[in-house]
Structures are given as C-alpha cells and as structure tokens.
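Examining the three-dimensional arrangement
Here is how the chains run, residue by residue.
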Amino acid sequence: MDKKKLQNLIAASARRKSADLCITNAHILDVFNKEWFEADLIISEGHIAGFAPPGKGKAKKIVDGGGRFLIPGLIDSHVHIESSHTTPEEFSNLVVPHGTTTVIADPHEICNVAGLDGLHYMLEASKESALQMFFVVPSCVPAVSFEHAGAVITAEDIRSVMDHERIVGLGEMMDYPGVIAGKDLVIDKIMVAKEAEKVIDGHSPAVYDADLDAYSASGIKTDHECETPAELRDRVRRGMYVHLREGSACNNVIGLLGGVDSKNSRRCCFCTDDRQPVSILEEGHINNNLRIAVHEGLDPIEAICMATINSGECYNLTDRGAIAPGRRADFCLADDLVEFKMHQVYVGGVLVAQEGKMLKPSKAKKDQRVASKMNIKDFSVERLDLRLKHNRVRVIDIVPGGVVTEQGEAFVKLEKGVWVHDPNQDVVKLAVIERHKGLGTVGVGLIRGFGLRKGAIASTVGHDSHNLIVAGDNDADMAKAVEHLIETGGGMTVIQNGKALSTLEMPVAGLISYEKGEVVAEKLQHLHDMAIEKLSVKPGIDAFTTLSFMALPVIPTYKLTDMGLFDVGTFSFVDLELDQ
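Residues numbered from 1 in each chain as written. Predicted model: local features only at pLDDT ≥ 70, side-chain atom pairs only at ≥ 80, totals over all residues. Heavy atoms only, no water.

**Remarks on the overall build of the protein chain**
Threshold: A run of H or I in DSSP becomes a helix once it reaches four residues, and a run of E becomes a strand once it reaches two; helices and strands are each numbered from the N terminus. Computation of the radius of gyration draws on C-alpha atoms, with the globule rule given as 2.2 Å multiplied by the number of residues to the power 0.38. Relative accessibility decides the category of a residue: with a 1.4 Å probe and only protein chains considered, values under 20% of the type maximum give buried, values over 50% give exposed, and everything between is partly exposed. Each accessible area is a Shrake-Rupley estimate made with a 1.4 Å probe; only the visible protein chains count as cover when residues are assessed.
Across its full length, the protein chain carries 17 helices and 30 strands. The C-alpha atoms of the protein chain give 25 Å as radius of gyration, which agrees with the globular expectation for 580 residues (25 Å, within 12%). Looking at the 580 residues of the protein chain, the share that counts as buried comes to 61%. Carbon and sulfur atoms form 49% of the exposed surface of the protein chain, whose accessible area is close to 22300 Å².

Shown next, in the form of structure tokens:
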C-alpha cells in the first residue's frame, strides 16, 4: 500500500472520509479474543478500516449481510496446485467460491519436471487471479537419486528466487535423514531460508524422539505428515506448527483432532496438500476441513482460527487472517457454522464469488517454458520386452486404498525366455520411461493386484520425477499408450486394441490441463470408469492415483523407476529375477 492509500484508509477509519464499502447485519468473528461481536464493517482501499455501531456504518456501498457469519478468508497452509491438474488460474476459480482466499503452494511437482521455469510459470500465471497464491521454493528436486528427474534445484538456485515478494519460504524438506545427519547439501538449502528469515516447511513421517529434536532444531517450522494425536503434540511441544490435512487421498483431520485443544490449537492449521477437482467441486476446499472438524466436536471459533489467523502467523502473512483495522479485506459471509457454505467471498474488499460461482473467472495463459516436456528418446515396442532366465520373479503387490506396496513374488509364464501375460494370474507389466532429458532409460517390472486385462493405462503423472509410467497386459497397447501421450504432450490415457478409450491431455509439463475444472473432473472420472468397465481394473482401486505412486522410491516397499526395480526397505535396486 502506498502513502496516499494509507492516508485514505486512515481517513476512512477516523470517519473523516467516506469508506468504499460497509457490511451491515452480520456476526463478525474476532479471532484474537475468540468471540463473535455485532458491528458494521467498514472497508477502504481494499483493507479493513474499522467498525461502526450496528446499522450506523456509512460508505459508498452498503451490503446487508443477512445475519450471516463474517469470517476471515480461509488460508490453505500447504497445497500442491498441480495435483488438481488445473492451471493456477483455474485452481483459483475452483477454490475461491468455497471461501479460500490465500494458499501456500509448493510447486514441487512442476519443478521436478521444469526446474525454476516451473516456479516462474506458477508465479506468473497466478499474479492476477483472485486467489492470493504464495509459494515456497521446492527443497528436494530431485527427491532422490534413484530416478531421473527433469531438473536439479541447488542451494544457489533457491537463493536466486528467495527474495521474491510471494516466496514465503523453503518447501517441505522430505530428506529428513539428510537433515538429521546434517548433510552439507541439505543444510546449505536450510541456511538459505534462515538467512532470508523465511519459513522452512517440514515433512517428517514417523520421526520421533532425538531424531525429531534434530529435525526441529534445524529450524524446520511445520509438518503435515502427522498420523496420530501423539505425533501432533510432539511437534507442537517442539515449537512446530502442524497442518491437519484433508486431501483427496490422504485424510488426517479426524485422526488428529484428538490432539487439538484450546491450549495448543494456535499451533495448528488446516491444509489440503493434494486435492482433485471432483473433491473440490463436491465437498469444497478448506471449508471442508472446517465442516469435518466442527462435526467431530471442535468449537467453530477454534476451527476457523486454524483456517485463518494461525496459517497467516505461521507464514508471517501479518496482513491477513483476521477481521481487524489495517488487515486486508479478505473475508467471507458464511451461511452457517455447520456446512460452511459461503454466500459471498471478498478479496481485497472486492466481491469475487457469490453462491458458489466466480463473478469474473480467471483465464489461463499459455507459457512455452512449461510446454512439450516429452523428451523421450529411441522408444519402440521392443523396449518393453521383459526377457527372463527363470520364471520366479519379484512383483510389486498393490495394497488397495493406499500408496504403500508389498514385496511379492510369483512364478510367471515365459515363451522363448520372454514374459507373456497369463490370464490365470493377476500380474501385468509395468514400465517407467524417462521423459525429460532424452536419456532413453526404461525400467520394466511386474505388478500384481490391478485386475487389469486386455489393454493398458498410462500417465505422465508419476511421483516425484514424473516420468511416463504405463501398465498393461500386452506390449502393443502399452506402446500405443506411450506413443499417444507423446503426441498429446502428456496426460493420462486408457488404451484397448490400439485405440484410446479415454484421454486427459496435460500439455503443461505433462501435469496440468488447460481445461476448466469441471471438464478435468469429468475426464478424470471417465478415465476411471473406462479402466474399470473396459480393462477390468478392480473397483476398489483408483487406477491412475495408484499408478502415479508406483514410481516413488521413498514409500515402501517395491517401486519401479526408469532405472529399475527398487526396494525402499534396503534403499537399493534389486534384480527382478529370484533364484530358483
């Protein structure tokens, strides 16, 4: 805010000058005293100017709140926008009508494909949207050295962007063993954030006692990977903030609420982490966290504070998160404190959404920096051959409903030393094809539990390096799936008898579609339906979510990368074949 606008705001606060907007007849939440109060809200220059007695407020425009609940705009404390498969502009269109006005986004996915170009794209694409998007610089690109990612982000790369006005910190530090061991490359990145006096996000599943002491002593401030109330309280005891996550796949709000009380709730926030369009359209965004928490017995005021002021303070965003003079006029008028359906949403004092609809939706802009990220070299159907000396092999066993796998083994069918699908076994081929540097590397393995028959499914969403991953019972359809995604510039597809039954094109880094959120949701559902109806994928398995995590070599147990079959338990590559 410049000097003139500040003077105008002060004048409106002192009632020397007419305010721009007045909201009357609403219950206003005071997040500092944790109580409701009655007043007219006065707004000038996009900020809160002050409070007038009920019915006494004056402004150029007066809005009747209809007796609704006026609360600060909601803040998502940790989200990967790419997981919605929509552009930042369209993501804004999806979440703002549900009351979310600010997010802290970690562009870890797109940066693994495009490096800092991915971060710059996200910053540029989001700068004019209603949603206020702040970012952390990904700390782990690549996530591990056991696969080929599209980029490497060093400490010096992080330093080069850390002073951007919308960069609030360092992204989730997934290399917790490196932190605890004090490894130079990890600590160098942490030092960049500490020197800039910015937040360091954490990621510390199942880290306890002295290891947790070491992790928090490094300066890491947050964690969104807690599974139990005890883990939540352990982290709060060490001065950390805990983000209670409610995504599309990972749901931790209910499981963690037992650790939240009036004494420690100020160190608790809400986040979504990864949330797909259908979840947002049907259930909402951070207001869904509120709904669940209140339904489980958390006081509505405590819940709203966790979704607003706590997140603002965590990330040093002191200009938002509360209804108070001088703060940004980002607020919502909620119909009730049970469902948290938003009647109106204001950003910077401007009405941007009403009754679940954006008034002026943002439009996506194309950016060549993140286009055509499909650099696949020398691919042919022959690259999918799986030649074996023996028929006793290791297989990746799917665990329905999760991303963890189990160590399996099987006796498979061979013809002239080459694996072929046995219709009596639920074992199909899995392949990961490097798509970033044209290295030509292809990892081939076997996976059990999909139910997949007579076709192939493929995706360029394959955590964390996002190489192309394909599963199928025959090489011809698998090769067609790979070739089809190369042609479309990335995405997801279902192939049968050489024909695409369903495809969602993702030309932005192979991760994001330019389609509207509703269209993305419809196409994702159609992909899911075709996988079940035509390829016999088991109904209890989300085919593409499961597929996307089969190449992630940090979650147990067997995973496949473009470099081969990986055993997370031993943190080493293993042979596909077992001794007879």
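**As for the sheet that holds strand E28 (residues 558–561)**
Picture the strands of a sheet paired through backbone hydrogen bonds; they go either parallel or antiparallel. Worth spelling out the cut-off: Here, a strand pair is defined by DSSP locating no fewer than two bridges between the strands.
One open sheet holds the three strands; their spatial order is E28-E29-E30, and the pairing between them is antiparallel. Edge positions in the sheet fall to E28 and strand E30 (572–573), since each of these pairs with one other strand and no more. Where E28 lies against strand E29 (residues 564–567), four bridges are found, and the strand directions are antiparallel. Bridge pairing in E29 links Leu-560 to Leu-565.

**Considerations on helix H16 (residues 517–533)**
Under the convention used in this document: Helix span, expected: 1.5 Å multiplied by one less than the number of residues in the helix. Contacts are assigned to residue pairs with any non-hydrogen atoms lying within 4.5 Å of each other.
With 17 residues, H16 extends 24 Å between its outermost C-alpha atoms, agreeing within 8% with the 24 Å of an ideal straight helix rising 1.5 Å per residue. Those residues of H16 hidden inside the fold are in contact with helix H2 (88–95), helix H11 (277–283), strand E26 (491–496), strand E27 (499–505) and helix H17 (543–549).

**Quick word on the environment of Val-554**
By the element assignment, Val-554 lies in the loop between H17 and E28. With 345 residues separating them in the primary sequence, Val-554 and Asp-209 have C-alpha atoms 21 Å apart. If sequence neighbours within four positions are ignored, Val-554 has contacts with Val-144 and Val-568.

**Quick notes on the pairing of strand E5 (residues 59–72)**
Of the strand pairs in this sheet, strand E1 (residues 19–30) and E5 are connected by eight bridges, and their pairing is parallel. Within the sheet, the bridge partner assigned to Thr-24 lies in E5 and is Asp-64. Sheet analysis places E5 next to strand E14 (residues 331–334), joined by four bridges and oriented antiparallel. Along E14, the bridge assignment pairs Ile-71 with Cys-332.

**Description of H2**
When you tally the buried positions in H2, you get eight out of eight residues, the bulk of the element. The complete set of buried residues in H2 reads Pro-88, Glu-89, Glu-90, Phe-91, Ser-92, Asn-93, Leu-94 and Val-95.

**Things to note about unusual backbone geometry**
Cis geometry marks the peptide bond from Val-141 to Pro-142; its omega dihedral reads 0°. Turning to its location among the elements, Pro-142 is positioned in the loop between strand E8 (132–137) and helix H5 (155–161). Each neighbour pair has its own omega, and for His-463 with Asp-464 the value is -5°, a cis peptide bond. Here Asp-464 lies in the loop between strand E24 (456–459) and strand E25 (468–472). Residue Glu-197 is not a glycine yet carries a positive backbone phi of 55°. Relative to the helices and strands, Glu-197 resides in the loop between helix H7 (184–195) and strand E10 (199–202). For Lys-416, which is not a glycine, the phi torsion comes out positive at approximately 55°. Positionally, Lys-416 belongs in the loop between strand E20 (414–415) and strand E21 (418–419).

**With respect to the sheet that holds E25**
Selection criterion: Here an axis means a line fitted to C-alpha atoms, over the contact stretch when the element is a helix, while the angle between two N-to-C directions is reported on a 0 to 180 degree scale.
Within the open sheet, the eight strands sit side by side as E19-E18-E23-E22-E25-E24-E26-E27. Their pairing is mixed. Looking at which strands have only one partner, the edges of the open sheet turn out to be strand E19 (405–411) and E27. Neighbour to neighbour, the strand axes of the sheet diverge by 25° on average, direction disregarded. Here strand E18 (residues 392–398) runs beside strand E23 (residues 442–448); their pairing, made up of two bridges, is parallel. In the sheet register, Asp-397 faces E23, and the bridge partner there is Arg-448. Packed onto the sheet, helix H15 (residues 475–488) meets strand E22 (427–433), E24, E25, E26 and E27 and runs at close to 145° relative to E26.

**Remarks on the nonpolar core**
Heads up, the rule is: Buried residues of nine kinds, namely Ala, Val, Leu, Ile, Met, Phe, Trp, Tyr and Cys, make up a nonpolar core once their side-chain atoms join them within 4.5 Å. Note that domain bounds follow an automatic or database assignment of domains.
Ranked by internal contacts, the top residues of the largest apolar core, which has 152 residues, are Ile-110, Leu-244, Phe-270, Phe-450, Ile-457 and Val-470. Residue-level mapping places this core at the junction of two domains, with at least three residues from each of domain 2 (71–358) and domain 3 (381–573). Residues contacting Phe-450, with those up to four places away along its chain left out, are Ile-398, Asp-426, Ile-457, Ala-471, Ser-536, Val-537, Lys-538, Ile-541, Ala-543, Thr-546 and Leu-547. Counting residues in hydrophobic clusters, the runner-up holds 15 residues, among them Leu-21, Ala-39, Phe-331 and Leu-333.

**Concerning the pattern of salt bridges**
The test is simple: In what follows, salt bridge is the name for a side-chain nitrogen of Lys or Arg lying within 4 Å of a carboxyl oxygen of Asp or Glu.
Following the criterion strictly, the structure yields 25 salt bridges and no others. Between Asp-261 and Arg-233 there is a salt bridge, and its shortest N-O distance comes to 3.3 Å. Of the two residues, Asp-261 sits in the loop between helix H10 (253–256) and strand E13 (268–271) while Arg-233 sits in helix H9 (residues 229–237), which places them 28 residues apart along the sequence. You can call Asp-261 partly exposed: its relative accessible area is 26%. Here Arg-237 ties to Asp-234 by a salt bridge, and the two come within 3.3 Å at their closest N and O atoms.

**Focus: the domain arrangement of the protein chain**
When the parts of a complex come together, some accessible area is lost, and that lost area is often used as the size of the interface. Each assigned domain of the protein chain is listed here: domain 1 (3–67), domain 2 (71–358) and domain 3 (381–573). Using C-alpha coordinates to define each centre, domain 1 is positioned 55 Å away from domain 3.

**Some details on the packing of aromatic side chains**
Given two aromatic rings, one states the distance between the centres and the angle between the planes to describe the pair. The condition is simple: The aromatic pairing rule takes the rings of Phe, Tyr and Trp, using the six-membered ring of Trp, and pairs them if the centres are within 6.5 Å, calling planes under 30 degrees apart stacked, those over 60 edge-to-face and the rest tilted.
Inspection of the entire model under this criterion finds eight aromatic pairs. With a centroid separation of 5.2 Å and an interplanar angle of 65°, the aromatic rings of Trp-36 and Phe-69 are classed as edge-to-face. Pair noted here: Trp-36 is in strand E2 (residues 35–38) and Phe-69 is in strand E5, with a separation of 33 residues, a long-range link. Since its relative accessible area comes to 26%, Trp-36 is described here as partly exposed. Between Phe-146 and Phe-571, the aromatic rings sit 5.2 Å apart at their centres with planes inclined by 90°, giving edge-to-face as the arrangement.

**Brief notes about the environment of Arg-453**
Within the secondary structure, Arg-453 is located in the loop between E23 and E24. Judged by relative accessible area, which is 34%, Arg-453 ranks as partly exposed. Beyond its immediate sequence surroundings of up to four residues, Arg-453 is in contact with His-421, Pro-423, Asp-473, Lys-534 and Leu-535.

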